[in-house]
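Fold and geometry: a report
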Amino acid sequence: MKRKIAAVILNYVSWMDTLEEVDVCKKKLGLHSQDIIVVDNCSPNESAENLEKASKDNFVFIRSLRNGGYAAGNNIGLKYAYENGYEYALVINNDIIVEDDHLLNKLVAVFEKDKTVGAISPNIYSPEGHLFNRDSVKPSFWDFTLGQLNYKRKGRKVVDLGGFGYVYRPQGCCMMLKLDVVDAVGYMDETTFLYCEEFILAEKMHSLGYKCACCLNASIIHNHSKVVKSNIKLKKIISISNESFAYYLKKYRRFNALFVKICCVFNGLKIKVLEG
């Protein structure tokens, strides 16, 4: 018999935040110790040692011997969950605030309503109450460039199909994945180090006829990119983001070289405005 839900928390450096998120998974989400998988992504500090000590009877701990990035690190946890008989995995950042005790039930209910859904996210809010873009429609070249502001508006509009609606991609900070589907698409593409993983995962799912959804009656709060901003300088963030963005546009969207270059210029400007 399949076990229902595992949580996958990827740690890099911020092990104390990870331990707090483990508590969230237990106290707010009702998960048991064996259902919580913590992967340390080869942190250059004492994270792995501290997490391993804390893991006894508290959570499953896996230590990665290399930092292959967000996709590679999460794949370790996802493969563990799939191989150990779980049906779903909640990929959750260690800076997520959960106030809804019924979050998991609401997300699972969407999968049960629509068997073609492979990934679901709740509504994602900032600590200030700002609703992040749901990416409800597949962005075009125009949306990535001169139409960015308009896309922020139209990307939030989701048709309510009974507590959920279809979107282009899930939100990587908090997304529930159907593990049979994740295995079928070959897990997350590990070519990227950071950024665009959800765009790519969505494309892989769409290629097999699966959809992504937003659960409209569930929400979480995300202290956005807390770990990234505290460990990587802005110039490097732009460089890493554009490398991943270019890969996604070329391989999965078949944009030509000129369009890719233009999109990356606009992407860099957007990051400067948001993070600078």
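Small disclaimer: the values here were computed from a predicted structure and weren't measured. (Residues numbered from 1 in each chain as written. Predicted model: local features only at pLDDT ≥ 70, side-chain atom pairs only at ≥ 80, totals over all residues. Heavy atoms only, no water.)

1. Topic: the pattern of salt bridges
- For the coordinates displayed, the defined rule picks out 10 salt bridges.
- Salt-bridge contacts for K4 lead to E87; the nearest nitrogen and oxygen are separated by 4.0 Å. One end of the pair, K4, is in strand β1 (residues 3-11); the other, E87, is in strand β4 (residues 86-92), and 83 residues separate them in sequence.
- When its relative accessible area of 39% is taken as the criterion, K4 is described as partly exposed.
- You can call E87 partly exposed: its relative accessible area is 23%.
- Salt-bridge contacts for E203 lead to K138; the nearest nitrogen and oxygen are separated by 3.3 Å. Of this pair, E203 sits in helix α8 (residues 197-207) while K138 sits in the loop between β6 (117-125) and α5 (141-144), and the two are 65 residues apart along the sequence.
- Here E203 falls in the buried class, since its relative accessible area comes to 9%.
- When salt bridges that share partners are traced, they join K4, E87 and E112 into one network. (Salt bridge = Lys/Arg side-chain N within 4 Å of Asp/Glu carboxyl O. Helix = DSSP H or I, 4+ residues; strand = E, 2+ residues; numbered from the N terminus. Buried < 20%, exposed > 50% of the residue type's maximum accessible area, 1.4 Å probe, protein only.)

2. A word on the pairing of strand β8 (residues 174-178)
- With respect to burial, β8 is a largely interior element, five of its five residues being buried.
- On β8, burial covers both faces: C174, M176 and K178 on one face and M175 and L177 on the other are all buried.
- The sheet contact formed by β4 and β8 spans five bridges and is antiparallel. In the sheet register, V91 faces β8, and the bridge partner there is M175. (Pairing = 2+ DSSP bridges.)

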